[in-house]
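An overview of the molecular structure
Given next are the chains, with one letter for each unit.
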Amino acid sequence: QRRQEARDPKVVENPKKCMFIKGPKTSAILNDLLNDLSSLKKPYSVKYQRKNQIRPFDDDTSIEFFAQKNDASQFVFTSHTKKRPHSLIFGRLFNYHLLDMVEFGISNYKGVNEFDAKVKPSVGNKPGIIFQGQEWDNSEDYKR
C-alpha cells in the first residue's frame, strides 16, 4: 500500500531517477563519461556496474524491466562497436514504457577532473550540454 501511494500522482512531483547502464562493450571514454554523468545526478541515479547484453533499439523489454525495478523514468546507455564507436543513448520512459531515445556519438571528450575549476560539481547541480560545429552555427533549424 505504501509503495502504491509513493507512485500516485502528486501536486509537486518527485525528482526523476536515472539509470546508467553499460552495454555489452564499452570504452574507457564511455566509462569516464558515465561516471561523470552519474555523479552529477548523484542522489537520483542508479548505476549498473556490470555490462548488460541489451540493445535498446532492438528490444526494450530489459530497460523497461530495470525501470520498473528501480522506479526510474530516464536512462543513459553506453556501447562501443566498430560501426558505432563511443555511442551514448539518452532515453525517457513513461509509466515504465519506452517513450523516446536519442543516440549521440562522443568525440573529443574531456572529463570533469580535466578542468581547472575552483568549484567542483556537487549534489543538486544541473548539467549543461553544449552543441558545437558548423551545422549548429549556420543552420536555422539547429539555432533554436
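This report concerns the structure included in the present document. (Residues numbered from 1 in each chain as written. Predicted model: local features only at pLDDT ≥ 70, side-chain atom pairs only at ≥ 80, totals over all residues. Heavy atoms only, no water.)

Regarding the overall build of the protein
Secondary structure summary: the protein contains five helices and five strands in total. Secondary structure elements in the protein, listed N-terminal to C-terminal, are α-β-α-β-α-β-β-β-α-α. By principal-axis analysis of the C-alpha atoms, the protein measures approximately 50 × 35 × 35 Å. A total of 144 residues make up the protein; the buried ones form 30% of that total. Pairs at least 24 apart in sequence give 60% of the contacts found in the protein among residues at least 6 apart. Taken as a whole, the protein presents about 11,000 Å² of accessible surface, with 50% of it coming from carbon and sulfur. Treating the 25 positive side-chain charges of the protein as one cloud and the 18 negative ones as another, the clouds have centres 7 Å apart. (Helix = DSSP H or I, 4+ residues; strand = E, 2+ residues; numbered from the N terminus. Buried < 20%, exposed > 50% of the residue type's maximum accessible area, 1.4 Å probe, protein only. Contact = heavy atoms within 4.5 Å. Areas by Shrake-Rupley, 256 points an atom, 1.4 Å probe, with all protein chains shown as cover. Lys, Arg positive; Asp, Glu negative; His and termini not counted. Charge placed at Lys NZ, Arg CZ, Asp CG, Glu CD.)

Side note on the pairing of strand E5 (residues 97–105)
Looking at chain direction, strand E4 (residues 87–94) and E5 are connected through eight bridges and run antiparallel. Within the sheet, the bridge partner assigned to leucine 93 lies in E5 and is leucine 98. Connecting E4 to the next strand, E5, in antiparallel fashion are two residues, including asparagine 95 with a positive phi near 55 degrees. (Pairing = 2+ DSSP bridges.)

As for the pattern of salt bridges
Tallying each qualifying case throughout the model produces two salt bridges. Between arginine 84 and glutamate 103 there is a salt bridge, and its shortest N-O distance comes to 3.2 Å. Highlighted residues: arginine 84 in the loop between strand E3 (74–79) and E4 and glutamate 103 in strand E5, separated in sequence by 19 residues. With relative accessibility at 30%, the residue glutamate 103 sits in the partly exposed group. As a salt-bridge pair, aspartate 100 and arginine 92 come within 2.9 Å of each other at their nearest N and O atoms. (Salt bridge = Lys/Arg side-chain N within 4 Å of Asp/Glu carboxyl O.)

Regarding helix H2 (residues 28–40)
In a regular helix each residue adds 1.5 Å, so 13 residues correspond to 18 Å; H2 covers 19 Å between its end C-alpha atoms and thus fits that length. Of the residues making up H2, those classed as buried are Leu30, Leu33, Leu34, Asp36, Leu37, Ser38 and Leu40. In this structure, the buried residues of H2 make contact with strand E1 (18–22), strand E2 (45–51), E3 and E4. (Expected span 1.5 Å × (residues − 1).)

Concerning a nonpolar patch on the surface
Judged by side-chain polarity, Ile129, Phe131 and Trp136 come together as a nonpolar surface patch covering roughly 310 Å² of accessible area. Locating isoleucine 129 in the fold gives a position in the loop between E5 and helix H4 (134–138). By relative accessible area, which is 62% here, isoleucine 129 ends up exposed. (Patch = residues over 30% accessible without salt bridge, like charges linked within 9 Å, V, L, I, M, F, W, Y side chains within 5 Å.)

The values reported here are purely geometric and, on their own, carry no functional implication.
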